[in-house]
Amino acid sequence: MAKDFEYNYPHPHLLGIEGLNRLDVEQLLALADDYVEFSRQDRKHVDVLKGMTLLNLFFENSTRTQSSFELAGKRLGADVVNMAMQNSSLKKGETLIDTAMTLNAMRPDLLVIRHNASGAVKLLSRKVDCAVINAGDGQHEHPTQALLDALTIRRRLGDLSALRIAICGDIAHSRVARSNVFLLTLLGAEVRLVGPSPLIPKGADEWGAEVYTDMKEGIADCDVVMMLRLQLERMEGAFLPSTREYFHFYGLDREKLKLAKPGALVMHPGPMNRGVEIESAVADNLDRSLITTQVENGVAVRMAVLHTLSRNLLDRRAKQNEVQR
Ligand code: NCD
């Protein structure tokens, strides 16, 4: 594995896909491609982050994203600490900024943050002097999820500019949908957003994707159908009549999948609500479902992001030291 790769990545943090350009993304995906192969070896350890400290701060629950960042950090040789922020001093009334200052004093090099408020990760990034990675902020962005989704599609189907991709379900509450629309359109794909109108956010038609409220029309002739979880925890009041009815109109089952292109591939970021947004027979069909490949590629993408941002951080610190001398 190349410890010293050619790179030209100007961003100190990864707060969202919005603001990245094609070259930034291509570099991250190329490195992630290498790390997929690297992670398939028996011994998957390299010391590019040796001696560096990675703090995982998850203010919201997570299974795969947190463990994936933890594995990524460990495979690169970092010291990784998972802070249980659900039980943090925030509950005792400490402000988010105080928490940031406290953690910053522990001199971490990389901070991975998930928070239920959109914009909270950006706010924290301004108060610390290490590299910050957004692992999902409210309904705003989840950039590493979009990167792993793009990597998964590209490794399987090649150039995205030839593809039509439908993102279906609870668009309104989904940071995954927002980050994916930015990224997949940046890479040239035709993107459709499909869901019932209460779950389509205002202004979605300006994101660069076509909006459909009829699932059958929306997935017609698509190469990839990406399903989203119904984010019931983010819904206040009644958005939907019932989950049964939702499945009838918007759940991906074998019948509806027949309307997409023959052999169309199915994705889901997890965790899945089986029988609500996706039928088990579709999710578990290994010829069509990329769901476990997404998880595999997630570790590789996070390795690429941690590696790249650590290089940027070391360069910045070296420049600061020069100025001080
Ligand atoms: C997503 C998230 O947290 O935004 N999940 C994930 O990162 N694997 C999507 C979701 O929670 O439905």
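Please read all numbers here as calculations on a predicted model, not as lab measurements.

Conventions and cut-offs
Residues numbered from 1 in each chain as written. Predicted model: local features only at pLDDT ≥ 70, side-chain atom pairs only at ≥ 80, totals over all residues. Heavy atoms only, no water. Domains from an automatic or database assignment. Contact = heavy atoms within 4.5 Å. Buried area = accessible area lost by both parts, 1.4 Å probe. Phe/Tyr/Trp six-rings, centres within 6.5 Å; stacked < 30°, edge-to-face > 60°. Helix = DSSP H or I, 4+ residues; strand = E, 2+ residues; numbered from the N terminus. Buried < 20%, exposed > 50% of the residue type's maximum accessible area, 1.4 Å probe, protein only. Lys NZ or Arg CZ within 6 Å of the ring centre and 35° of its normal. Salt bridge = Lys/Arg side-chain N within 4 Å of Asp/Glu carboxyl O. Pairing = 2+ DSSP bridges. Axes fitted to C-alpha atoms, helices over the stretch in contact; angles between N-to-C directions. Expected span 1.5 Å × (residues − 1). Near = heavy atom within 4 Å. Polar contact = N/O pair within 3.5 Å; in protein donor to acceptor, adjacent residues only side chain to side chain. Areas by Shrake-Rupley, 256 points an atom, 1.4 Å probe, with all protein chains shown as cover. Nonpolar A, V, L, I, M, F, W, Y, C, P; charged D, E, K, R; others polar.

Caption draft 1: Region of the structure containing the domain arrangement of the protein. The domains assigned to the protein are domain 1 (13-142 + 296-324) and domain 2 (144-289). Computed over C-alpha atoms, the centres of domain 1 and domain 2 are 26 Å apart. Listed per partner, the contact involves 35 residues of domain 1 and 25 residues of domain 2. Both sides together, the interface formed by domain 1 and domain 2 hides about 2600 Å², and carbon and sulfur atoms give 56% of it. Per-residue buried area on domain 1 facing domain 2 is highest for Ile17, Gln139 and His142; these three make up 26% of the total on that side.

Caption draft 2: Examining the packing of aromatic side chains more closely. Tallied over the entire structure, the rule returns 2 aromatic pairs. Both rings, one in Tyr35 and one in Phe38, keep their centres 5.8 Å apart while their planes meet at 85°; by these two values the pair is edge-to-face. Pair noted here: Tyr35 and Phe38 are both in helix 1 (residues 22-38), with a separation of 3 residues, about one helical turn. According to the relative accessible area criterion, Tyr35 is buried, its value standing at 0%. For the cation-ring pair, Arg178 lies above Trp207, with the distance from its terminal atom to the ring centre recorded as 5.4 Å. The aromatic ring of Phe247 is capped on one face by Lys256, whose charged end is 5.7 Å from the ring centroid.

Caption draft 3: Spotlight on the side chain of Asn312. Tracing the backbone through its elements, the reader meets Asn312 in helix 11 (residues 291-324). Since its relative accessible area comes to 7%, Asn312 is described here as buried.

Caption draft 4: Structural detail: the pattern of salt bridges. All told, the structure shown has 17 salt bridges when counted by the stated rule. With a closest N to O distance of 3.8 Å, Asp253 and Lys256 form a salt bridge. In this structure Asp253 comes out as buried when scored by relative accessible area, which is 17%. Judged by relative accessible area, which is 5%, Lys256 ranks as buried. Residue Arg254 is joined to Glu279 by a salt bridge in which the shortest nitrogen-to-oxygen separation is 2.7 Å. Highlighted residues: Arg254 in helix 9 (residues 254-257) and Glu279 in the loop between strand 9 (265-267) and helix 10 (280-283), separated in sequence by 25 residues. Given a relative accessible area of 18%, Glu279 falls into the buried group. Here the residues in one salt-bridge network are Arg22, Glu26 and Arg154, joined through shared partners.

Caption draft 5: Looking closely at the sheet that holds strand 8 (residues 224-227). In spatial order, the strands read 7-6-5-8-9; together these 5 strands make up an open sheet with parallel pairing. In this open sheet, the two strands that pair with only one neighbour each are strand 7 (210-212) and strand 9. Averaged over all pairs of adjacent strands, the angle between their axes in this sheet comes to 20°, without regard to strand direction. Of the strand pairs in this sheet, strand 6 (residues 190-194) and strand 7 are connected by 3 bridges, and their pairing is parallel. Among the inter-strand pairings, Leu193 is bridged to a residue of strand 7, identified as Val211.

Caption draft 6: Layout of helix 2 (residues 64-75). The terminal C-alpha atoms of helix 2 lie 16 Å apart, and with 12 residues this matches the ideal 16 Å at 1.5 Å per residue to within 8%. The elements touched by buried residues of helix 2 are strand 1 (53-58), strand 2 (79-84), strand 3 (110-115), strand 4 (131-137), helix 5 (143-157) and helix 11. Of the residues one or two after helix 2, Gly77 is the one with positive phi, at around 90°.

Caption draft 7: Quick peek at the sheet that holds strand 2. Ordered by their spatial adjacency, 4 strands build an open sheet running 2-1-3-4, and the pairing between neighbours is parallel. Each having just a single partner strand, strand 2 and strand 4 make up the two edges of the open sheet. For this sheet, the mean inter-axis angle between neighbouring strands, taken without regard to orientation, is 15°. In this structure, strand 3 lies alongside strand 4, joined through 5 bridges in parallel fashion. Bridging from a neighbouring strand, Leu111 pairs with Val132 of strand 4. Most of the contacts of helix 11 go to strand 4, to which it runs at about 145°, and overall it touches strand 1, strand 3 and strand 4.

Caption draft 8: Focus on the site of the ligand. Lining the immediate surroundings of the ligand are Arg64, Thr65, Arg114, His142, Gln145, Arg175, Val176, Arg229, Gln231, Pro269, Gly270 and Pro271. In the model, a nitrogen atom of the ligand is placed 3.1 Å from a nitrogen or oxygen of the Pro269 main chain. The contact in question runs from a nitrogen atom of the ligand to an N or O atom on the backbone of Gly270, over 2.9 Å. Alone, the ligand offers 310 Å² of accessible surface; in the complex the protein occludes 95% of this. Grouping the constituent residues of the shell around the ligand by class yields 3 nonpolar, 5 polar and 4 charged. Residue-level mapping places the shell around the ligand at the junction of two domains, with at least three residues from each of domain 1 (13-142 + 296-324) and domain 2 (144-289).

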